[in-house]
Amino acid sequence: PAVKRLLADCAKGNFSIIMLYKLDRLTRRLKDLTEILEYFDKHGIKIESVTEPFETKTAPGRLMLNVLGGFAQFEREVNSERVIMALQRRYNEGKWMASPPIGYSMKDGLLSVIPDEANIVRKIFRMYLEENIGVKELAWKLNSQNILFRKVKWGGCSVHRVLINPAYLGKTVWRGKAGPGIHEPIIEKE
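Residues numbered from 1 in each chain as written. Predicted model: local features only at pLDDT ≥ 70, side-chain atom pairs only at ≥ 80, totals over all residues. Heavy atoms only, no water.

Asks: I'm lost on the packing of helix H4 (residues 115-131) against helix H6 (residues 156-164) in this one. Help?
Replies: Helix-helix packing: each pair is described by the crossing angle between the helix axes and the interaxial distance. Contact geometry of H4 with H6 gives a least axis separation of 10 Å together with a crossing angle of 95°. In terms of axis orientation, H4 runs roughly perpendicular to H6. Judged by residue contacts, Val121, Ile124, Phe125 and Tyr128 of H4 engage Val159, Val162 and Leu163 from H6. Broken down by class, the residue content of the contact of H4 with H6 amounts to seven nonpolar, no polar and no charged. (Axes fitted to C-alpha atoms, helices over the stretch in contact; angles between N-to-C directions. Helix = DSSP H or I, 4+ residues; strand = E, 2+ residues; numbered from the N terminus. Parallel < 35°, antiparallel > 145°, perpendicular 65-115°, else oblique. Contact = heavy atoms within 4.5 Å. Nonpolar A, V, L, I, M, F, W, Y, C, P; charged D, E, K, R; others polar.)

Asks: Before we go on, may I ask you to explain the environment of Asn14 in this structure?
Replies: For Asn14, the location among the structural elements is in the loop between helix H1 (2-12) and strand E1 (17-20). Sequence separation between Asn14 and Arg150 is 136 residues; the distance between their C-alpha atoms is 47 Å.

Asks: In this structure, what is going on with the nonpolar core? I would like to understand it.
Replies: In a soluble, globular protein the nonpolar side chains are often hidden away together inside. Counting residues in hydrophobic clusters, the biggest one holds 23 residues, and the most contacted among them are Ile124, Leu142, Trp154, Val159, Val162 and Tyr168. Among the elements of the structure, H4, helix H5 (135-144) and H6 are those that each provide at least two residues to this core. Per-element tally for this core: the top contributor is H4, with six residues. Residues in contact with Ile124, not counting those within four places in the same chain, are Leu138, Leu142, Trp154, Val159, Val162 and Leu163. Core analysis: the second largest hydrophobic core is formed by 14 residues, Ile18, Ile36, Ile45 and Ile47 among them. (Core = buried A, V, L, I, M, F, W, Y, C linked by side-chain atoms within 4.5 Å. Buried < 20%, exposed > 50% of the residue type's maximum accessible area, 1.4 Å probe, protein only.)

Asks: I keep staring at a nonpolar patch on the surface and nothing clicks. Help me out?
Replies: Side chains of Leu63, Met64, Val67, Phe71 and Phe74 sit close together on the surface and give an oily, nonpolar patch of about 500 Å² of accessible area. Mapped onto the elements, Phe71 comes out in helix H3 (residues 59-92). The exposed category is assigned to Phe71, whose relative accessible area is 53%. (Patch = residues over 30% accessible without salt bridge, like charges linked within 9 Å, V, L, I, M, F, W, Y side chains within 5 Å. Areas by Shrake-Rupley, 256 points an atom, 1.4 Å probe, with all protein chains shown as cover. Salt bridge = Lys/Arg side-chain N within 4 Å of Asp/Glu carboxyl O.)

Asks: Explain the pattern of salt bridges to me, please; I cannot follow it from the model alone.
Replies: A side chain of one charge can pair with a side chain of the opposite charge if their charged atoms are brought near each other. Evaluation of the coordinates by the stated rule reveals nine salt bridges. As a salt-bridge pair, Glu93 and Arg89 come within 3.8 Å of each other at their nearest N and O atoms. The salt bridge involving Glu131 is made with Lys141; its shortest N-O contact spans 2.8 Å. Remark: Lys141 occurs in helix H5 and Glu131 occurs in helix H4; sequence separation between them is 10 residues. Assessed through its relative accessible area of 39%, Glu131 is described here as partly exposed.

Listed below in C-alpha cells is the structure:
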C-alpha cells in the first residue's frame, strides 16, 4: 500500500526526489525495480540512496542499480529457501508449524493440550457422529449452549475446520501432507 501511495504521489508531482536508506527497502524483486524506476523516470523523479552509491543517468549507474537490485532479490530468495528448509525440518520432527488449533496451546514450540478446549473438540466430534447433523446446525447448537470458540461464536466453517484437522489425531501438516506429530492427540482415529 505504501508503494502504491508513493507512485500515486509521483504522478501528482508532489516531489522530485526519493531518498532511500537502502534500495531493498523499495523492493526486493528486480522486475518490480525496473518497472518502478521506469515510472519514476517517466515522471521526472530522481532516486538516491543514503547508503548505496548509484545514479540512474549513466549506463554504469544503471548497471550498479541493477546489480544492487539483483542482490536484494537473491537475498530474498535465499531467506525464503531457509524458511522452507526450517519448516520442512519441523515437519520431519513432528512439530506443529502454525498457530495452535482450538484444544491446544503452543509451549516451547510444541502443541500442548488445553483440557477445557479439548473437551469442546471431543464434543464436536461426538455430536457430529452420534447426532448425524451438519456443521451449520452443529455451530448453532454450540452457540445456543454458549460454548464459544475462544470467546467467538461458532460458524459452519470453524466447525468444519475442527472436523478435518489432522492435529486432533496427533498429526502435523505441511504442504498438504499430514505426518506423525509429537503432540498428544485429542481424539482417536476411530
